Amino acid sequence: MSGRPFTTTPFLIDIADDVIDDLRSRIRLTRWPDAAPGEPWSQGTDLLYLRGMLDYWANGFDWGAQQRALNLLPQFIADVDGTTVHYVHVRARSGVGIPLILTHGWPGTFVELLPLVPLLSGNFDLVIPSLPGYGFSPRPPRTGIDRRHVARLWHRLMQGLGYERFGAYGTDFGAGVATFLGLDQPDDLIGIHLSTFELAPVLDHQSPELSAEEREYIAQAERWSEVERGYSQIQSTKPQTVGYGLNDSPAGLAAWVIEKWRSWSDSHGDLDATIPRDTLLTMLTIYWATQTITSSMRDYFDNRWSTQAHTARDYVRVPTAFARFGNEFIPEGEPPRTFAERLYNVQRWTMMPRGGHFAATEQPALLAADIAAFFSS
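Predicted model, so just to flag it, every value in this text is computed and none were measured.

A.B. asks: Got a minute to help me understand the sheet that holds strand E9 (residues 344-352) in this structure?
C.D. replies: Two strands in a sheet stick together by hydrogen bonds in their backbones, pointing the same way (parallel) or opposite ways (antiparallel). What the nine strands build is an open sheet, ordered E1-E2-E3-E5-E4-E6-E7-E8-E9; its pairing is mixed. Since the sheet does not close on itself, it has two edges, and those belong to strand E1 (7-11) and E9, each with one partner. When the angles between neighbouring strand axes are averaged without regard to direction, this sheet yields 25°. Contacting strand E2 (75-80), strand E3 (83-90), strand E4 (98-103), strand E5 (124-129) and strand E6 (166-170), helix H5 (residues 147-160) runs over the sheet at an angle of about 150° to E4.

As structure tokens, then:
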């Protein structure tokens, strides 16, 4: 810990009624574009689907009920070395739990991970922070807030809460945060559990030759990037420009975020059957009310241009588990175990029969069982 004292205070979500009234008014005044020709969703978010979603957001979605449900969870705001961090802290029902910090990614919020709480809180002390710039964790007004920086914040947060040793779970950017916790604080980590492959090993002339399976995986990922990674190119270069529209238009915000949840989840084209609309709209309402969609996108900028990236010499010696969900958004995108073992001390490798990128929301029971089995071992 630094010399600055660690402080934390209880927190309740309290979005003003006039913010929700303004949101609904803006939805009703949306200027809709023409429908795209061709197959629905082939050029992005489908007009008919989005109009139905926004009609429900304005006229059926009960934000007050969602806010009351969220406020049943013990939430806090901590000052971590001058950075404000919002987090949920649920202590184990057993009385003595394994400390576990869980980190979401983009375009999620801490809400994405909440289905794990009833499944894990029997034997785990759960800490679920909001990444800087997401929802109720403001992003510091500077560059360099990358995954390694967040890992240092999370380490200090856990120490401030009295946990000398703890485990970490992560998905998307959160998987990168958990990885850097393992790299930089190995003696304080019990283990890390990942459900997405956020950081690939860095290869150089001294790296072992790639196998045919590894080469095919890399080629697959490159093919996917050609048709799906346009959002990342924008957000890692000009997040401010796209942020004006997303921060001002509920329709723009919903279209940008929902398309990713549909594309990356195991939805088979039917998002409503996979992710409850109330869950999506709760996260969208948090982004809207806190005006943090632009600051969340800065994750792409800060991580792309980071001076703290991992190198070919890095190796996570902390025991690591991977839960590989069968319909991750890179088509057939599970990396070969040998590829992961170039960077990680892989001790558990579970291939899940279903589920996609948002495993904690899509398949919480499968994910929670794998997390529990790994850390109990």
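Now, onward.
A.B. asks: Explanation requested: the nonpolar core in the structure shown.
C.D. replies: Note that soluble globular proteins tend to have their nonpolar side chains buried in a common cluster. Within the largest apolar cluster, 109 residues are counted, with the highest numbers of intra-cluster contacts made by Trp57, Trp106, Phe110 and Tyr344. Contact partners of Tyr344, with chain neighbours within four places excluded, come to Thr179, Ile192, Leu194, Phe197, Leu199, Tyr315, Val316, Thr320 and Phe322.

A.B. asks: Explain the environment of Pro276 to me, please; I cannot follow it from the model alone.
C.D. replies: Its location among the elements puts Pro276 in the loop between helix H10 (250-264) and helix H11 (277-290). As a C-alpha pair, Pro276 and Thr361 span 85 residues in sequence and 9.1 Å in three-dimensional space.

A.B. asks: Where do I start with the pattern of salt bridges in this structure?
C.D. replies: Should the charged atoms of two oppositely charged side chains come close, the side chains can pair. Summed over all chains, the structure comprises 15 salt bridges. Linking Asp81 and Arg156 is a salt bridge whose minimum nitrogen-to-oxygen distance equals 2.8 Å. With a gap of 75 residues between them, Asp81 in the loop between E2 and E3 and Arg156 in helix H5 connect regions that are remote in the sequence. When its relative accessible area of 23% is taken as the criterion, Asp81 is described as partly exposed. Between Arg147 and Glu198 there is a salt bridge, with the nearest N and O atoms lying 2.5 Å from each other. Separated by 51 residues along the polypeptide, Arg147 in helix H5 and Glu198 in the loop between strand E7 (189-194) and helix H7 (212-228) bring together distant segments of the chain. With a relative accessible area of 25%, Glu198 lands in the partly exposed category. What you see here is one network of salt bridges that share partners, running through Asp22, Arg26 and Asp248.

A.B. asks: Would you mind going over the packing of helix H3 (residues 63-70) against H11 with me for this structure?
C.D. replies: If you want to describe how two helices pack, look at the angle between their axes and the distance between the axes. Running from N to C, H3 and H11 cross one another at 85°; their axes reach a closest spacing of 11 Å. Here H3 is positioned roughly perpendicular relative to H11, judged by the angle of their axes. Here Trp63, Gln66 and Leu70 of H3 lie close against H11, whose contacting residues are Asp278, Thr282, Thr285 and Ile286. Looking at the contact of H3 with H11 residue by residue, the class counts come to three nonpolar, three polar and one charged.

A.B. asks: Just checking my understanding: could you explain the packing of aromatic side chains for this structure?
C.D. replies: Aromatic rings considered in pairs are described by the distance between their centres and by the relative angle of their planes. Scanning all chains against the criterion turns up 21 aromatic pairs. Pairing Trp41 with Tyr49 gives two aromatic rings, centres 5.3 Å apart and planes at 55°, and the pair type is tilted. In this structure, Trp41 and Tyr49 share a single accessibility class: buried. Ring geometry for Phe322 versus Trp349: centroids 5.3 Å apart, planes at 50°, classification tilted. Of this pair, Phe322 sits in strand E8 (residues 316-325) while Trp349 sits in strand E9, and the two are 27 residues apart along the sequence.

A.B. asks: How should I be thinking about the environment of Ala36 in this particular structure?
C.D. replies: By the secondary structure assignment, Ala36 is in the loop between helix H1 (17-28) and helix H2 (47-59). Remark: the alpha-carbon pair of Ala36 and Asp46, spanning 10 residues in sequence, is separated by 7.7 Å.

A.B. asks: What is the right way to look at the side chain of His104 in this model?
C.D. replies: If you trace the backbone, His104 turns up in the loop between E4 and helix H4 (117-120). A relative accessible area of 0% places His104 in the buried class. One polar contact links the side chain of His104 to the main-chain amide nitrogen of Leu131, over a distance of 3.1 Å. The contacts of His104, once residues within four sequence positions are left out, are Thr109, Phe110, Glu112, Leu113, Pro129, Ser130, Leu131, Tyr134, Thr171, Phe173 and Gly174.

Reading guide: rules and limits
Residues numbered from 1 in each chain as written. Predicted model: local features only at pLDDT ≥ 70, side-chain atom pairs only at ≥ 80, totals over all residues. Heavy atoms only, no water. Pairing = 2+ DSSP bridges. Helix = DSSP H or I, 4+ residues; strand = E, 2+ residues; numbered from the N terminus. Axes fitted to C-alpha atoms, helices over the stretch in contact; angles between N-to-C directions. Contact = heavy atoms within 4.5 Å. Core = buried A, V, L, I, M, F, W, Y, C linked by side-chain atoms within 4.5 Å. Buried < 20%, exposed > 50% of the residue type's maximum accessible area, 1.4 Å probe, protein only. Salt bridge = Lys/Arg side-chain N within 4 Å of Asp/Glu carboxyl O. Parallel < 35°, antiparallel > 145°, perpendicular 65-115°, else oblique. Nonpolar A, V, L, I, M, F, W, Y, C, P; charged D, E, K, R; others polar. Phe/Tyr/Trp six-rings, centres within 6.5 Å; stacked < 30°, edge-to-face > 60°. Polar contact = N/O pair within 3.5 Å; in protein donor to acceptor, adjacent residues only side chain to side chain.

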